[in-house]
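Tertiary structure, described
Listed below are the residues making up each chain.
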Amino acid sequence: MPYPIGQVYHSGLPIRRRATLGMLLVIIVLAAILTGCTAPTQPAVMHSRSSTPPHTQQTLTYVAIGASDAFGVGTYFPDRDNWPTVLTHLLGPDVHLVNLGIPGETVAEARKTELPVAIDAHPALVTVWLGVNDFVQSVSVADYEQQLEGLLLSLHQKTHARVFVGNIPDLSLLPSFSGYDQATLRATIAHWNAAVARAVAASGATLVDLYTFWNELASHPEYIASDGFHPSTVGARRLAEVFQSQIAPSLPAIRAGVDAS
């Protein structure tokens, strides 16, 4: 007959103590054996509500090529009230702005200073609003058209961006141009805007007709800053809304192109 398990240890110890120690040792040994035989614990699996991971939208890079209006001159807080920044917020949280606006910039200057940076940014969206400085600095309309077309063609050839180009608004509505002969001024602007339209058509860009869209300046003098020339904070927001209205129909395709890249 085999001994009870509790009595098979150290015969020199009293029976009850030997039994107690024996049981403890058995429990320890059994626990060790059971622990060694247990399969490794697998990490818990977290289940989401969807069987596929949620889509993460990539950042859409938007570059603004421009002058003092893009810089924010005339607004209360230029760094946040400039119209490209306002436009960025209107377009959505996935849009990253590279604002290259330099006060006083002409198209020829922008080709040297802003265009290389714009190309290096690999934008999906570009806005270009240059012309008033060329106009007031008496650049010939032929030179202006040639420089603008060169800038737009470079964007077309060296980026995959959708490019939106603003033309010259009706400057006769600005207080700083009140001393000009208004009929002659409007005829000259029409001549310049025809050049803008040709450059846009030659490069595959999209025209944003500020001359037509911003004719509401006549009934909204608050759109112009106290200097009588630049957009005010309210005017910059309205300008951003005009650009946004023209960009919005193309935005799904622009985003699709970013996601596919």
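The structure contained in this document is the topic of the report that follows.

Because each turn of an α-helix spans 3.6 residues, side chains separated by three or four positions end up pointing in the same direction. In this model helix α9 (residues 182-203) runs 32 Å from its N-terminal to its C-terminal C-alpha over 22 residues, within 8% of the 32 Å that 1.5 Å per residue would give. Those residues of α9 that sit buried are L185, I189, W192, N193, A195, V196, A199, V200 and S203. Projected onto a plane normal to the axis of α9, the buried residues spread over an arc of 155° and lie on a single side. Seen from the open side of α9, the exposed residues pointing more than 90 degrees away from its buried face are A183 and A201. For α9, the elements touching its buried residues are α7 (132-136), α8 (141-158), β4 (162-166), β5 (206-208) and α10 (210-213). Trailing α9 by a residue or two, G204 shows a phi angle of about 75°, which is positive.

Bringing the layout of surface pockets into the picture now. In this approach, a probe sized like a water molecule rolls over the atoms, and the result shows the empty space that is left. Of the pockets and cavities examined, the largest pocket occupies roughly 300 Å³. Secondary structure elements with two or more residues in the lining of the largest pocket: β1 (60-66) and α12 (251-260). Sorting elements by how many residues they give to the lining of the largest pocket places α12 first, with 4 residues. Counted by class, the lining of the largest pocket contains 7 nonpolar, 8 polar and 2 charged residues.

Let us look at unusual backbone geometry. The backbone of H122 shows a phi angle near 50°, a positive value even though the residue is not glycine. Tracing the sequence through the fold places H122 in the loop between α6 (115-120) and β3 (125-129). Assessed through its relative accessible area of 65%, H122 is described here as exposed. Its identity as a non-glycine residue notwithstanding, S138 has a phi of 60°, on the positive side. Looking at the secondary structure, you find S138 in the loop between α7 and α8.

Turning our attention to the nonpolar core. Judged by nonpolar contacts, the single largest core of 64 residues is most densely connected at I65, W83, V128, L151, L152 and L155. Sort the elements by how many residues they give to this core and α9 lands first, with 7 residues. Leaving out residues up to four positions away in the same chain, L152 has contacts with V128, V163, V165, A199, V200 and S203.

Taken as a whole, this structure holds 5 salt bridges when the rule is applied. Salt-bridge contacts for R238 lead to E216; the nearest nitrogen and oxygen are separated by 2.8 Å. Pair noted here: R238 is in helix α11 (residues 233-247) and E216 is in the loop between α10 and α11, with a separation of 22 residues, a long-range link. Residue E216 is classed as buried on the basis of its relative accessible area, which comes to 19%.

The next subject is the packing of aromatic side chains. As enumerated under the stated definition, the model contains 7 aromatic pairs in all. Look at W83 and F243: their rings are 4.5 Å apart centre to centre, the planes differ by 20°, and that puts the pair in the stacked class. In this pair, W83 sits in helix α4 (residues 83-91) while F243 sits in helix α11, placing the two residues 160 residues apart along the sequence. Each member of the pair, W83 as well as F243, is classed as buried. Both rings, one in Y144 and one in W192, keep their centres 4.8 Å apart while their planes meet at 35°; by these two values the pair is tilted. Here the residue Y144 occupies a position in helix α8, and W192 occupies one in helix α9, the gap between them amounting to 48 residues. Classification of Y144 by relative accessible area gives buried; the value is 1%. With relative accessibility at 5%, the residue W192 sits in the buried group. Grouped by ring-pair contacts, the aromatic residues W83, W129 and F243 constitute a single cluster.

What follows concerns empty space enclosed by the protein. All told, the structure shown has 1 cavity of 30 Å³ or more when counted by the stated rule. Approximately 220 Å³ is the volume attributed to the largest cavity. As for the largest cavity, its lining consists of 18 residues, of which D69, W129, V132, F229 and P231 are closest to the centre.

Conventions and cut-offs
- Residues numbered from 1 in each chain as written.
- Predicted model: local features only at pLDDT ≥ 70, side-chain atom pairs only at ≥ 80, totals over all residues.
- Heavy atoms only, no water.
- Helix = DSSP H or I, 4+ residues; strand = E, 2+ residues; numbered from the N terminus.
- Expected span 1.5 Å × (residues − 1).
- Buried < 20%, exposed > 50% of the residue type's maximum accessible area, 1.4 Å probe, protein only.
- Arc of directions from axis to C-beta.
- Contact = heavy atoms within 4.5 Å.
- 1 Å grid on protein atoms, 1.4 Å probe; cavity = no way out; pocket = protein on both sides within 12 Å on 5 of 7 lines; lining within 4 Å.
- Points joined across faces, edges and corners; volume = space filled by probe spheres on them.
- Nonpolar A, V, L, I, M, F, W, Y, C, P; charged D, E, K, R; others polar.
- Core = buried A, V, L, I, M, F, W, Y, C linked by side-chain atoms within 4.5 Å.
- Salt bridge = Lys/Arg side-chain N within 4 Å of Asp/Glu carboxyl O.
- Phe/Tyr/Trp six-rings, centres within 6.5 Å; stacked < 30°, edge-to-face > 60°.

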